[in-house]
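Take a look at the letters that make up each chain.
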Amino acid sequence: HYMHRLDRVSGVGRYGVMFLGLRDGLPPDAEATANSLRGPEDLLFAAVFDEASARVLRWEADRQSPRYGRPTHYQLTERGDTGAVATFEAHWTRCIHVADNALTSDLYGSSRLEPVWNRLIDLEKLAASTGEAGWRAMVPGYAFTTKDGYELDGNDAERTAQLDEFAHDMRRYIELSGMDIKELSAQLQDPSGAVGVILKLISAGTGIPLRKLTGSEMGRLASVQDDDNWTDVIEARQQQHVTPAIVRATVNRLLWLGVLPQPDSEAYSVWWPSQRQKSQMDQAEIAARAAASSVGLSRVFGS
């Protein structure tokens, strides 16, 4: 659960941090030591922090250290629902640092949200403007024109106040001698074309097939090629990022601390269930087709 949250948080900014609350009698900014804990009960809690709430305070300056250039201490900030803020320092041995889409740096990645952020704003603007356009279409505008051969009197202030009251208040009648009123009707435009373009851009920016992105109803209609492509993306991310950067990083730290027992074989493997397994409905459909084919063959060959 917490590793899943860490994965999501690390995709919002450049990195995310999971803090491990340990029962070792030391403050959070003190270095934890190997095999200092006795079992799972000594892992009191876990907490997840995004980049804005997990600022790096100090870095390893020893060039002979295998952790040269990596964080040694973080400043973690907890924000409660009531607005209360609590800040404390934490040593790297109590933290799991994860950066997604990292290239030249192991510490800083690129946000998964950034490539499509502007498109999400565009979608929000389009939805809001459609609602505004609907309101404006239901409340028509009016044009006031002077009748032929008629000159208005000089009481412009009273006329303007009367028009404002008619447009914005509950007064639904107006007395304007010498003027004609023409209703200006509006037509509500269908925004589905623009929405479709934005969704395609979001699909391209995230790598999510469009039919998967638009929800379960469309997802059921997704082609076999879409399913295979999306499964390839998921499995590649599981093996290339989630397993080494999150699962193994967390399990290795818990083994080092003594929270988890050392495996008898001195090694462990990470197994993911296959994404290509068919549902019960798909399996039943395949079995029905196979049975129908068998019946057809037996009729052809008379056996």
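Just above, that's the structure.
Residues numbered from 1 in each chain as written. Predicted model: local features only at pLDDT ≥ 70, side-chain atom pairs only at ≥ 80, totals over all residues. Heavy atoms only, no water.

Undergrad: Before we move on, can you summarise the layout of surface pockets with the specific residues and values?
TA: Empty space within the largest pocket amounts to approximately 740 Å³. Lining the largest pocket are 25 residues, and of these D7, R112, I208, W230 and R237 sit closest to its centre. Counting residues per element, the ones that place at least two in the lining of the largest pocket are α1 (2-10), α2 (114-138), α4 (192-206), α5 (210-213) and α7 (224-257). The element contributing the most residues to the lining of the largest pocket is α7, with 8 residues. Per-class residue counts for the lining of the largest pocket are 15 nonpolar, 5 polar and 5 charged. (1 Å grid on protein atoms, 1.4 Å probe; cavity = no way out; pocket = protein on both sides within 12 Å on 5 of 7 lines; lining within 4 Å. Points joined across faces, edges and corners; volume = space filled by probe spheres on them. Helix = DSSP H or I, 4+ residues; strand = E, 2+ residues; numbered from the N terminus. Nonpolar A, V, L, I, M, F, W, Y, C, P; charged D, E, K, R; others polar.)

Undergrad: An account of the sheet that holds strand β1 (residues 16-22) is requested, with residue identities and associated values reported.
TA: Across a sheet, strands are paired by hydrogen bonds formed along the backbone, either parallel or antiparallel in direction. Across the sheet, which stays open at both edges, the 3 strands sit in the order β2-β1-β6 with antiparallel pairing between neighbours. Each edge of the open sheet carries a strand with a single partner, namely β2 (43-50) and β6 (95-98). Recorded for the sheet is a direction-independent mean angle of 15 degrees between the axes of neighbouring strands. Looking at chain direction, β1 and β6 are connected through 4 bridges and run antiparallel. Within β6, the position partnered with M18 by the bridge is I96. (Pairing = 2+ DSSP bridges. Axes fitted to C-alpha atoms, helices over the stretch in contact; angles between N-to-C directions.)

Undergrad: Give a description of the pairing of strand β5 (residues 85-91) that names residues and reports values.
TA: One ladder, built from 7 bridges, connects strand β4 (residues 71-79) with β5; its direction is antiparallel. Counterpart to Q75 in the pairing with β5 is E89. Counted between consecutive antiparallel strands, the loop separating β4 from β5 contains 5 residues, among which G83 sits at a positive phi close to 95 degrees.

Undergrad: An account of the sheet that holds strand β3 (residues 54-59) is needed here, citing residue identities and associated values.
TA: Spatially, β3-β4-β5 is the arrangement adopted by the 3 strands of the open sheet, whose pairing is antiparallel. Of all strands in the sheet, those bounded by a partner on one side alone are β3 and β5. The sheet shows a mean angle of 20 degrees between the axes of neighbouring strands, taken without regard to direction. Sheet topology note: the β3/β4 ladder contains 5 bridges and is antiparallel. Counterpart to R55 in the pairing with β4 is Q75.

Undergrad: Outline the packing of aromatic side chains, supporting the account with residue identities and numerical values.
TA: The final tally for this structure, using the stated rule, is 4 aromatic pairs. Ring centres 6.0 Å apart and planes at 45 degrees place the aromatic pair F19 and F45 in the tilted group. Of this pair, F19 sits in strand β1 while F45 sits in strand β2, and the two are 26 residues apart along the sequence. On the basis of an interplanar angle of 75 degrees and a centroid distance of 6.4 Å, the ring pair of F49 and F88 is categorised as edge-to-face. One end of the pair, F49, is in strand β2; the other, F88, is in strand β5, and 39 residues separate them in sequence. For F49, a relative accessible area of 4% corresponds to the buried category. Through a chain of ring-to-ring contacts, three or more aromatic side chains come together here, namely F19, F45, F49 and F88. Lying across the ring of W92, R67 places its NZ or CZ 3.7 Å from the centre. When the ring centre of Y268 is taken as origin, the NZ or CZ atom of R248, which lies over that ring, is 4.7 Å away. (Phe/Tyr/Trp six-rings, centres within 6.5 Å; stacked < 30°, edge-to-face > 60°. Buried < 20%, exposed > 50% of the residue type's maximum accessible area, 1.4 Å probe, protein only. Lys NZ or Arg CZ within 6 Å of the ring centre and 35° of its normal.)

Any functional reading would require information that these geometric values do not contain.
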